[in-house]
Amino acid sequence: MERFSQDMPLLEGDDFFKNLDMMEQDFLIEGDIQDYDEDGEMELPSEEDETIVESPDYPDTPDERLSKQEQLRMMHLRSHLNQITEKVKHHQYMTDKTRDELKQCRSKIMELEAERNETRDELQNQTSDGNQSAIYRLRATHDRLSQEILDERQIEKLILERLEKEEYELNKVEVERGKFLLAEDELVKREDRLAKEKTDLAIRRLRKEEKKAAQAERNLRNQHRTHYEIMREKQRLQDQLAENAKQSSEKHSKFVSDTMHKLKQRQEEENKRYQENMTKKMDMLLKLKSDIQANRDNLKALRARDKAAERREEEKLEQVRQKILEEGGNPDQILLIQKRISDVQRQKSNFESEQREKQAALMEKILIEEERMKRRKQQQPLLWADPNREKTKMIGPQKKKPLKTFQEYTRLTGEGTDLSIDLHDSMDDQEKYDGEKMQGEDRGDITLPEQPVRDEQSSDSSDGDDNDENAVDLAKPEFEGLWDHHKPYTMPKDLDASPLKLPGASKMDKAIMDEVLEKHRAGIVIKQVAAGREFKGCPFYSKPDVIHFKDFDVGKTYKKKVTLTNVSYTVNYCKYIDITERLKDFINIHFDPPGQMSAGLTCEVLVTFKPMINEDLEGEVKFLSQTGPFSIPLKCTTKKCDLSVDTDVIQFGTTVIDETLKRTFTLTNKGALGTTFEFFKVTGSKAKTATSAQTSLGRMTEDVTTSQAVTPAQDGEDRTKKEAQDQPEKGEMKPDNGVAMDTEGQTGEEGQQEADVPDQADGIEGGLSPDIQVSEYDDYGTLDGMKVGPISTGEIPPFSSTKLEIIWNPSVPGKADVEFLVRFTDPLSESISIRALGSAIDVPVWVERQSVDLKICLLDRLYQDTIIVNNRATTALRLKFEVCKELRNHLELLPKTGYIQAQSQFSAQLKFLPRASLFEEGGRYFDKETGVLEAPMTIRVADQTAPVPFTVSAVVTNSDMEFDVQDIDFGCCTIYESNKTTIKLTNKSILPQEFGFVGHPDYVEVQPNDGFGTLLPLETIELDVIFSPKKARDFKFELNCKSIINREFKIQCKGVGVYPPLELSNQVIHFAATSLYDVSTASLHVVNSHTSMNEFTHPVPRIGKGEIAPVGPTSFEFVVPKGAPVTISPSVGTIQPGEKCRVEVRFAPTLNEADVVKEAIRMATRQMELQAEKEYQEAMKRQKEAEESLNPKFKVKRNVKKSAPAAGGKKGAPAAAKGAPTKGKATPGNTMLTVSGPSPVSPPKPEDITKDSTAYASAVGSLLRHFRGKFQSLTVPCYVASGETTNPGELPYSIHNTLYVELHCPTVKPSLVVISDSGKTTTHFGDVSLGQNIFKSVTIQNISSKTVELSSSVLDTNGPFQVVNAFRVLPPDATHTMLLSFTPSAGRVFQEVLSVHCETGSLHVTLMGKGVSPLVSLSPNVAENGVMDMGSVLAGEYLEKTFKMQNTSSLSIKYSIKLESLSLLRHAHAQELPKFLAGKSNTLVGVQNNNGHNVFDLVPAEGCIEPGGSVEITATFSPDHASDLYSDGVKIELFGKEESQSFQIKGTGKSKIMFIEGGDPLKPDLESLAVKLTPHIEEEDLKLILPPVLVTLRSTALEDSFVPATRDIYVGCVRTMAVSQKKELKPGYRNGEFTFENIQSITQKGFNIDPQKGMVEAGVLKPVTITWTPPQGFIQNEVCETSVVVTLKGDVAEQFRILLRAMVVSK
């Protein structure tokens, strides 16, 4: 309906119904199309649809139903009627408005006339009085009023004309509406009928949908039931598997613990050996360092010696030089000869030494080869013939083989330490074997077999395993799989005892190196002495002093940076040496040696700690400096409990019996490990002696009155020792199990102590039953009256605290000393003992409340309480209440004296009125800082020495409230806006106070809660004071804040009201909920209502009471905040008085670029992590397969033995444990893992992600799907200035006249997104040739939860883009693919935006494409200035030239080359006037062949060129007669349509080889086709007629000289294919010659020719320069003419006459 109402024009009468008939056909066609689905097949109604159609409620006959034509007619008629109605309303409104304006205008005219009459009367009076100043003023006023009346009359006339026009239009429209009254009534009836039909149809559809919904619900319930049964079955199977796993774990846990214990012991032994070996290596390295240092010193000395020797040689050389000079010789020559002789001798000696070395090396190789061959013959004797071999084949008696164990024992004990292993100086396998064999031959008894080399498994493996290898172990392993079956490999002892081998070194070098190493090993350091003082102590200070990794978690990595500072006196060095052996598996030290460090400089050490075990570690990091070694302590501590209490003694003081006191203490856990505590009373449990008889009072003896209490912790320790003695052979359990057992034991003991019941066994030994023990113990525990509070057990988390309470209610007088114990489940935490002390007395008078707490009290407020005194005596007593002297002005007890009856109570009234003087008078009873008052009160009893004291405590505070400011200046504020100032209100009291702002003017508002609220103690809240002026003036007022106790706090305020020259129609704009990357628009008006400066008739624009703004054009400028998704158009403008300007505000929300980049990095990182995990899993799988393929037998054996019982060993030990791998070694069943984990990934950098990248688009799609909506409020200022608009940003505005518009911008999740091309909303078709049609598809998805109906915007009908397929309804999560086509029609870039609309928003897809006009370039550039010159050729012959045509575009190009001489328009072009007549010519075609053949030909004329490719074109020039005017036009067309290149090709045909070019033209450049009539001339006369060549020279005349004139002519020789010329070609042959004759005659006239003769090679043009210099006495007005003959000799001799014409011209 809206589309028809907007697009259809308003028609009158019968024209409207005629138009209806034309549009019915379109509606019928659309209706027929809608009956087909997307596949082009017609949709057939289903059975249910047929049932609906056959319903008796629906009209059966076509007459009863409204046809589509009738519905269309109704729609158009309703649209037409609506338009007429809207027009009537519009014209009626304009008529009423015009009448009101006319009425106002007339009333204003009457007012002005009345004012003018009054002015005229007053003028007459002043004239009669003679007041000239008043006369002038009144005349001016009279003239102004008269002018205003004339203006108003003119305005009245215009309004009348407009009113008549509006009334005419109103009547015209009403008449038009009257024509459709009957049709409208009929239309209403039909619309009611149509609505009823639609309602019935909707009811039927609803029934059908309800039926389908019920069926769907039944299906859903069935699915839920099936799913529930499946899940229950899975849960049952999972529980069964968990139970089986638990049973299996319990069964094998004890065997695993035994094995782990043995492995641990073995590992400890290996670590010990490793530490010893590393210590040896460190000593060796230290010695090496000292040797190297000594060697360096020696080298320095040698260098100094060499330099001294060089200096001596130089001095000697200089002396020799001086001596030679004295003798008169040439020292340089003599010294050079000597030097060369010495060089020759040195080279000779070097050559001889090299020869000797090579001979020695050759001999050494020969000896080695002979030795190897000898050993090889011994190892493989079968490869060589041996005559005694047959004897060895004879079988002799079998020798008895010794036992294997005894053989090993003999070998190991015989070798001793000769077979130590040195992994660092190892040899290859063959040399090892040879060394072993040779050693075996030397010993003669035992030959060691070759054994495999053990691979190093980790950096912790050492070569110190000689203890295990030299020792004899004849024990059989309990689990064979844990031991290696092969023997460890042993290496022969190195024959060279020196650890450092210097090949080719002399004995002296080795001695020096050994000495240096000895010094290095001895740890010799350099003493540092500065200013006579020797430095002692640590040379480097570390920060921190101790490297402490506290509360670490296993598996995590921790890093700490340590700073080393050189605190020595001078320069020092620092080198990292080593770390404690135990820490090497967990600590990594990264230290770059800084080199030489001056005193005070620092360097950094990075310590990385990766814990693998949960144990405390301690060690040190060792460094070596120039002054000595030093180390930094290193500690690694696990999480522990650090438990403490704030006090271990609780003082209850003195109290009266039957009075209950409570004291609390704080239990604090400062550690990182939580634990469970138990708080109980231990006093009453006494130590048992040999002579004691157990009683209910806790093991008290009859003979000894004092006994020592035994704590449960001591009891538990004794019991643990006893159990350890009873079971000494029990093996160690797993640490976790041990902890669990200790915890259970402690829990059991705690349960016994909670019940305060002694050990049952002890009770049985004493002969007492448990019942008697419990009852008697309880009686004894209650004698002292102390007990544990409500919290006795609980859990204390890490870094937390809890409060525990002790309650004392003494029942008998006396002193109480009770011990309490806090015990913890943490085995490393000791129990804490608490001692409670108190004294109970028995007095007759006592107060129920020993401490009267009045809580928090305000100053100058009265507080009362009742003091109740009890008397337990049997007589009446007199009481006297006393208050300390310092507090008598504030505290009072009434009555001061009274009598209390026997065994009764007495009530006294306590009054407390704190005054401000309490801070001065309180003294020691009052704390000024905290406000705490503790007043001791005394009740004195007659006949009683001890008074009854009690304490009155209170916290005194004031009732002040304070503002952070005393004055508020709101500044300037327009009447359309409000200024807000935030103030802070602070409650100085520690009590909450209610407040409220009262009595403020109506233009001031305090928020929140209208200025009322409650302030919490010492709270500071922020209040917004809003200033909203209603008029332009200065404001001064005060804000009054009152508290609940009627105290007032005031703030002085001031502000200025501003009436701006412009106003906005809307101050707040509420945008509709806009989807991301969608656009919403709103509009407002900027109004200039300032038309008069009369401030008495209406408010005028001004700032406060300042000057009134001038009437005239006023400019505005909107400044949008940077980064806001809002644009305003126009943002700058000028408004005339009485006018307004419409401003469009556009809201286009987008995602934050930083969030998109962050999401893109996250997605890329996640993708790389998944890829790395996948590769890791594949590598693990391949490794597992390789392990199974390498060890299939072990795999089968391990699987079989898993369930078989062990043949030997301990009872219950499974044989499967044999297959368990040994830590750090590779067994046949445990291949060491080479894949440590997924490879680390490095996320991409943010700068690598650009907006046009795929990652950016994918991140935008991801964020759009997870977007939850956002609301944003923006405030945009509008600056106002009087005058015309200047450049944007340069408006001379006043800040006080600024207007503000508030924008409410809600952003919601879009309904439609693009899922194709990684979510990019820009579809780029790329480069497309003109006329080519390209298709691309864009897939969109509905990501909302509702079904949406799609529609699109209309693309440019003349543009290249087009949507091919139709849109449809999209259910949730459904997709739709749009098919788009691009057909460029011009060679430029095209871009359009296709908007896909739905109910909740729009999706904007940018379509881009470039129409490419195919281009080719000619290489080389044969067509300079549009002309391609083929040169000269003899008539009847041809000439070829080639050039390349290259495709410079990105498309394949089809080209065709066409000659203009073959064009169909060549005859029309030939009819044009020639160039020598018309001055110019449009044709490029020149002389053609007379035989009809083409003069020029280009091959290939057609073809295809790939992008960037090229094709070679061959141009052929073949004239049939001599002419200099051969030419033709060449056009290169692409795709048969567009002309890309065009140029002219020309050439000259010659009849003879030699020719002359240049000079002035002597005939027109057109050859006539008429037959020339040649007159009969004798041959002799013909020879005298020479062909002329005219050359004109112009010399420029200066003041006293002439500038010589120069011209060039060219002598050429044609390259010919004639056989005669080819035969005559000889070395040095000149193809042509030329000679200028009689040069002397022209030289006299100032002419000169260079060169005068010469030769010309075939195919070359040789220039000849003719120069003319006017001779002396030449007359400038005359023309100098002469001639010269040139003879050309080629195939024939020919002469030309050169006509020379020279003249002088002015400058």
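Given the structure is predicted, the values throughout are model-derived calculations rather than measurements.

Engineer: Describe the overall build of the protein, naming the residues involved and giving the relevant values.
Structural biologist: Looking only at helices and strands, the protein features 25 helices and 77 strands. Intrachain contacts of the protein at a sequence separation of at least 6 include 73% that bridge at least 24 residues. As presented, the protein carries roughly 107,000 Å² of accessible surface, and 52% of it is formed by carbon and sulfur atoms.

Engineer: Tell me what's going on with the sheet that holds strand S41 (residues 1080-1087), and back it up with residues and numbers.
Structural biologist: Ordered by their spatial adjacency, four strands build an open sheet running S38-S41-S46-S44, and the pairing between neighbours is antiparallel. Only two strands of the sheet have a single neighbouring strand rather than two, namely strand S38 (1063-1064) and strand S44 (1126-1129). Sheet topology places S41 next to strand S46 (residues 1140-1147); eight bridges connect them, and they run antiparallel. Directly across from Ser1083, in S46, lies its bridge partner Glu1144.

Engineer: Requested: an account of the environment of Met94, with residues and values cited.
Structural biologist: As for its position among the elements, Met94 is in helix H4 (residues 68-129). Separated by 72 residues in the primary sequence, Met94 and Glu166 place their C-alpha atoms 6.7 Å from one another.

Engineer: Can you explain a positive patch on the surface? Please cite residues and give values.
Structural biologist: A surface patch of like charges, here positive, comprises Arg296, Lys300, Arg303, Lys307, Arg311, Arg312 and Lys575. Relative to the assigned elements, Arg303 resides in helix H6 (residues 181-327).

Engineer: Can you lay out the confidence of the model for the protein for me, pointing to particular residues and giving the numbers?
Structural biologist: Looking at the protein, the pLDDT average stands at 77 and 76% of residues meet or exceed 70. Contacts from residues 412-500, a stretch scored under 50 in pLDDT, to residues over four places away or in other chains number 134 contacts.

Engineer: Any details on helix H18 (residues 1153-1190)? Residues and values, ideally.
Structural biologist: Between the first and last C-alpha of H18 there are 55 Å, a value that for 38 residues agrees with the 56 Å anticipated at 1.5 Å per step. Among all positions of H18, only Val1156, Val1157, Glu1159, Ala1160, Ile1161, Thr1165, Ala1172, Tyr1176, Ala1179 and Gln1183 are buried. Here the buried face of H18 lies against helix H20 (1254-1265).

Engineer: Would you mind going over the packing of H4 against H6 in detail, with residue names and values included?
Structural biologist: One can describe the packing of H4 onto H6 by two numbers: an axis separation of 10 Å at closest approach and a directional angle of 130°. With respect to H6, the axis of H4 lies oblique. The hand of the H4/H6 crossing is left-handed. Only Ala183, Glu184, Leu187, Val188, Arg190, Glu191 and Leu194 of H6 make contact with H4, whose side of the interface consists of Glu70, Gln71, Met74, Leu77, Arg78 and Leu81.

Engineer: Which residues make up the pattern of salt bridges, and what values do they have?
Structural biologist: If you walk through the whole model with that rule in mind, you get 41 salt bridges. Between Glu156 and Arg106 there is a salt bridge, and its shortest N-O distance comes to 3.0 Å. With a gap of 50 residues between them, Glu156 in helix H5 (residues 132-178) and Arg106 in helix H4 connect regions that are remote in the sequence. Under the relative-accessibility criterion, Arg106 is labelled partly exposed at 38%. Linking Lys988 and Glu962 is a salt bridge whose minimum nitrogen-to-oxygen distance equals 3.1 Å. Of this pair, Lys988 sits in the loop between strand S31 (979-987) and strand S32 (993-998) while Glu962 sits in strand S29 (residues 961-963), and the two are 26 residues apart along the sequence. Overlapping salt bridges, with partners in common, bring together Arg106, Glu113, Arg153 and Glu156 in one network.

Engineer: Please provide a residue-by-residue account of the sheet that holds strand S77 (residues 1693-1706), values included.
Structural biologist: The six strands lie next to each other as S70-S69-S77-S76-S72-S74, forming an open sheet whose pairing is mixed. Both edges of this open sheet fall to strand S70 (1602-1603) and strand S74 (1653-1656), since each of them pairs with a single strand only. Bridge analysis of strand S76 (residues 1680-1689) against S77 gives ten bridges, and the strand direction is antiparallel. If you follow Glu1681 over to S77, its bridge partner there is Arg1701.

Engineer: Pulling in residues and values, what's your account of the packing of aromatic side chains?
Structural biologist: Taken as a whole and assessed by the stated rule, the structure comprises 36 aromatic pairs. Considering the side-chain rings of Phe552 and Phe609, the 5.1 Å spacing of their centres and the 90° angle between planes classify their relative orientation as edge-to-face. One end of the pair, Phe552, is in the loop between strand S4 (547-550) and strand S5 (558-566); the other, Phe609, is in strand S8 (residues 602-609), and 57 residues separate them in sequence. Classification of Phe609 by relative accessible area gives buried; the value is 0%. Aromatic side chains Phe1443 and Phe1543 sit 6.4 Å apart centroid to centroid with 85° between the ring planes, which places their arrangement in the edge-to-face category. Here the residue Phe1443 occupies a position in strand S61 (residues 1439-1447), and Phe1543 occupies one in strand S67 (residues 1538-1550), the gap between them amounting to 100 residues. Across the pair, exposure class does not vary: Phe1443 and Phe1543 are buried alike. Feature note: the residues Phe540, Tyr576, Phe591, Phe623 and Phe630 constitute an aromatic cluster, connected by ring pairs. We note Lys560 situated over the ring of Phe549; from NZ or CZ to the ring centre the distance is 5.6 Å. The positively charged end of Lys1336 is found above the aromatic ring belonging to Phe1325, 5.9 Å away from the centroid.

Engineer: Report on the packing of H4 against H5, specifying residues and quantitative values.
Structural biologist: The contact between H4 and H5 brings their axes to 7 Å, and the two run at 160°. Between H4 and H5, the angle falls in the class roughly antiparallel. Seen along the crossing, H4 lies across H5 with a hand that is left-handed. Its residues assigned to classes, the contact of H4 with H5 shows 19 nonpolar, eleven polar and 23 charged.

Engineer: Kindly report on the pairing of strand S71 (residues 1605-1613), identifying the contributing residues and their values.
Structural biologist: Examined bridge by bridge, strand S68 (residues 1554-1557) and S71 share four bridges and lie antiparallel to one another. Across the sheet, residue Glu1557 finds its bridge partner in S71, namely Tyr1610.

Engineer: Hey, could you go over the pairing of strand S47 (residues 1270-1282) for me, with residue numbers and the actual values?
Structural biologist: The pairing of strand S43 (residues 1114-1118) with S47 spans five bridges and is antiparallel. Bridge assignment links Ser1115 to a residue of S47, and that residue is Ala1281. Pairing analysis gives nine bridges linking S47 to strand S48 (residues 1299-1308), with the strands arranged antiparallel. Each bridged residue has a counterpart across the sheet, and for Thr1275 the counterpart in S48 is Glu1302.

Engineer: Which residues make up a nonpolar patch on the surface, and what are the values?
Structural biologist: Taken together, Leu362, Met363 and Ile366 make up a surface patch of nonpolar side chains, about 280 Å² in accessible area. Tracing the chain through its elements places Leu362 in helix H7 (residues 331-379).

Engineer: I'd like a rundown of a negative patch on the surface, residues and numbers included.
Structural biologist: A grouping of Glu111, Glu115, Glu118, Asp121 and Glu122 is seen on the molecular surface, where their side chains present a negatively charged patch. As for its position among the elements, Glu122 is in helix H4. In this structure Glu122 comes out as partly exposed when scored by relative accessible area, which is 36%.

Engineer: Tell me about unusual backbone geometry, and name the residues and values.
Structural biologist: A cis amide bond, omega 5°, links Gln1007 with the succeeding residue Pro1008. Residue position: Pro1008 is located in the loop between strand S33 (1004-1007) and strand S34 (1012-1015). The omega torsion of the bond from Val1499 to Pro1500 falls at -5°, within 30 degrees of zero and hence cis. Inspection of the secondary structure assignment puts Pro1500 in the loop between strand S63 (1496-1499) and strand S64 (1502-1505). One non-glycine residue with positive phi stands out, namely Asn1046, at about 70°.

What counts and how
Residues numbered from 1 in each chain as written. Predicted model: local features only at pLDDT ≥ 70, side-chain atom pairs only at ≥ 80, totals over all residues. Heavy atoms only, no water. Helix = DSSP H or I, 4+ residues; strand = E, 2+ residues; numbered from the N terminus. Contact = heavy atoms within 4.5 Å. Areas by Shrake-Rupley, 256 points an atom, 1.4 Å probe, with all protein chains shown as cover. Pairing = 2+ DSSP bridges. Patch = residues over 30% accessible without salt bridge, like charges linked within 9 Å, V, L, I, M, F, W, Y side chains within 5 Å. Salt bridge = Lys/Arg side-chain N within 4 Å of Asp/Glu carboxyl O. Lys, Arg positive; Asp, Glu negative; His and termini not counted. Charge placed at Lys NZ, Arg CZ, Asp CG, Glu CD. pLDDT = per-residue confidence, 0-100. Expected span 1.5 Å × (residues − 1). Buried < 20%, exposed > 50% of the residue type's maximum accessible area, 1.4 Å probe, protein only. Axes fitted to C-alpha atoms, helices over the stretch in contact; angles between N-to-C directions. Parallel < 35°, antiparallel > 145°, perpendicular 65-115°, else oblique. Left-handed = near helix turned anticlockwise from the far one by under 90°. Phe/Tyr/Trp six-rings, centres within 6.5 Å; stacked < 30°, edge-to-face > 60°. Lys NZ or Arg CZ within 6 Å of the ring centre and 35° of its normal. Nonpolar A, V, L, I, M, F, W, Y, C, P; charged D, E, K, R; others polar.

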